[in-house]
Amino acid sequence: MGSVNLESVNKRYGDITAVDDIKIDVADGEFLSLVGPSGCGKSTTLEMISGLTTQSDGQIYIDDEDVTALPPKDRNIAMVFQNIALFPHMDVFDNMSYGLRIRGADDDIIDRRVDEAVEILRLDGMLDRMPSELSGGQRQRVAIGRAIVRDPEVFLMDEPLANLDAKLRVHMRTELQRIQRKLDVTAIYVTHDQEEAMTMSDRIAILNDGELQQIDPPLTCYEEPANVFVAGFIGSPSMNFIEGSIDDYRFESPITTIDAVELDEPSAVTLGIRPEDIYPADDPRADRTVGSVRASVDVIEPVGERMFVYLLPDAPGGQSTDGAVALDGDHLLMSVDPDTDIAENEELDVTFDQSSIHLFETATGNALIHGLKREPTPRS
Ligand code: ADP
C-alpha cells in the first residue's frame with residue numbers, strides 16, 4: 001500500500017537550503033497538501049519523493065520500502081504537473097496509453113486500464129479526439145488519466161489546476177477528490193493556494209523557508225495554528241496581529257487591554273484575532289468577548305456575503321506616531337454581515353471573541369494559547 005515517509009530530508013543548492021530537515025508521514029490513501037508561499041520548498045519536496053531530484057540528506061520510504069536510491073520509474077508513483085504536456089499529434093487514447101505502451105504492456109491490459117480511467121474521469125466518447133479538440137478541463141483530465149492507467153501507489157501533483165480558470169479550478173478540485181477516493185490512492189498535492197489546500201486535503205503540511213511549520217487537518221491549522229506564520233498564512237482575509245506584552249495576567253497593548261489571560265510570565269506576546277472574530281460592541285455576540293478597541297472606520301469593502309471594515313484604532317492619548325499602535329499594517333480588519341449598519345468615518349467600539357483569541361510568543365512566533373478559557377474578570 002502507498003504510505004510515504006520522509007525521514008529528515010534535506011535539499012541544498014550551494015548555500016541555499018531549499019528543504020530543511022523535513023519529516024513527513026503520509027498514510028496510505030491519505031490526501032496531503034504541501035502548501036506555502038512561492039520558494040518555500042514545496043516542489044523540491046515533491047520532486048524528491050518522485051526521484052526527479054536527489055536529496056542531500058535523509059531517507060524516503062514508499063510503502064515502507066527505502067526508495068532513496070531508486071530512479072523515478074521504480075518508485076510506483078505518477079506525477080501530474082501544472083503544464084499539461086499532452087502529445088498534440090496523438091488522440092486521447094494514445095496519449096493515455098503511451099506510458100503503458102512504452103513499458104511493453106499487453107494490448108488487453110492497456111484497453112482495460114484506459115476503459116477504467118475513461119469511466120472514472122468521465123471522458124466517454126472522447127478517445128478519438130485530438131488535444132486541440134478538448135477544453136482545458138478535459139485536457140487536464142486526460143493528463144490525470146495518463147497517470148491513472150499506470151495504477152500507481154502514490155499520486156504526486158504539482159499545482160495541477162493552476163492554469164485553469166477560476167470556475168473550472170473549483171470544479172476540478174471536487175473532481176480530483178472524487179477520483180482520489182475512488183482510486184483509493186495516496187495523493188500528495190502541491191499548491192500555494194491555502195484555500196485549495198484547505199478544501200481538498202485530509203491534512204495539510206505548511207512550509208516556510210524550507211521548514212515544516214505544521215502538519216495537521218485543515219481545521220486544526222485554522223483553529224490552532226502552531227505559530228504566527230501559519231496563523232497569517234491560513235485563512236482569508238488574514239488574521240490581525242497586535243503586538244503587546246503580558247503583565248500580571250493581563251495583555252497590554254496601546255490599542256487594547258485584556259484581563260484574565262492565563263499567562264503569568266512577563267513577556268512580549270503577539271495577539272492574533274481573525275477578521276470574522278471581531279464584533280462591533282453592540283453586536284449580540286459581544287457578551288462573550290474581551291477587549292475593547294475604539295476605532296474609526298477608514299474603508300468599507302462589500303464582498304458579497306461579507307463586508308470588510310478597515311478600522312484605524314485610536315491609541316490611548318491619540319493616534320501614536322512611532323508605530324506603537326502595534327498593528328501589523330495600519331488597519332484592524334473586521335469582517336461582518338453585509339447588512340451591518342456601519343458607515344465610513346464613523347467612530348465605533350469593537351471587541352474580540354474570547355474563544356478565538358490566539359497568543360503567540362513574539363520572540364519565537366510559537367503559539368502559547370488558543371482561546372481564552374476563563375471568564376474575563378474586571379480589574380479591581
Ligand atoms: P516552491 O515550490 O515552494 O515555490 P521550490 O521547491 O521550487 O519552491 O524552491 C525552493 C528553494 O530552492 C527556492 O529558494 C528556489 O530558488 C531554490 N531552488 C529550487 N531549485 C533550484 C535549483 N535547481 N538550483 C538552485 N536553487 C534552486
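As the structure is a computational prediction, the values presented were derived from the model and not from experiment.

Asker: Hey, could you run me through helix α3 (residues 107-121) in this one?
Answerer: Given 3.6 residues per turn, any residue in an α-helix points the same way as the ones three and four places further on. With 15 residues, α3 extends 21 Å from end C-alpha to end C-alpha; this agrees with the ideal 21 Å at 1.5 Å per step. Every buried residue belonging to α3 is among Ile-110, Val-114, Ala-117, Val-118, Ile-120 and Leu-121, and all of these are buried. The buried residues of α3 occupy an angular sector of 165° when the element is viewed end-on, so they sit on one face. Turned more than 90 degrees away from the buried face of α3 sit Asp-108 and Glu-119, all of them exposed. Residues of α3 that are buried sit in contact with α2 (92-102), α4 (136-148) and α5 (166-183). Immediately downstream of α3, the backbone of Arg-122 shows phi near 55°, a positive value.

Asker: Looking at this structure, how should I read the site of the ligand?
Answerer: Around the ligand lies a shell formed by Tyr-13, Ala-18, Pro-37, Ser-38, Gly-39, Cys-40, Gly-41, Lys-42, Ser-43 and Thr-44. Residue Cys-40 places a main-chain N or O atom 3.1 Å away from an oxygen atom belonging to the ligand. A distance of 3.0 Å separates an oxygen atom of the ligand from a polar atom in the backbone of Gly-41. Contact with the protein chains hides 60% of the accessible area of the ligand, taken as 560 Å² for the molecule alone. The dominant element in the shell around the ligand, judged by the number of residues it contributes, is helix α1 (residues 42-50), at three residues. Class assignment of the residues belonging to the shell around the ligand gives a composition of four nonpolar, five polar and one charged.

Asker: What is the right way to read the sheet that holds strand β2 (residues 16-26) from this model?
Answerer: The strands that make up a sheet pair up through hydrogen bonds in the backbone, lying either parallel or antiparallel. Strand order in this open sheet of four strands is β2-β1-β4-β5, and the pairing throughout is antiparallel. The outermost strands of the open sheet, each flanked by one partner alone, are β2 and β5 (65-66). Pairing analysis gives two bridges linking strand β4 (residues 57-62) to β5, with the strands arranged antiparallel. Paired with Ile-62 across the bridge in β5 is Glu-65.

Conventions adopted
Residues numbered from 1 in each chain as written. Predicted model: local features only at pLDDT ≥ 70, side-chain atom pairs only at ≥ 80, totals over all residues. Heavy atoms only, no water. Helix = DSSP H or I, 4+ residues; strand = E, 2+ residues; numbered from the N terminus. Expected span 1.5 Å × (residues − 1). Buried < 20%, exposed > 50% of the residue type's maximum accessible area, 1.4 Å probe, protein only. Arc of directions from axis to C-beta. Contact = heavy atoms within 4.5 Å. Near = heavy atom within 4 Å. Polar contact = N/O pair within 3.5 Å; in protein donor to acceptor, adjacent residues only side chain to side chain. Areas by Shrake-Rupley, 256 points an atom, 1.4 Å probe, with all protein chains shown as cover. Nonpolar A, V, L, I, M, F, W, Y, C, P; charged D, E, K, R; others polar. Pairing = 2+ DSSP bridges.

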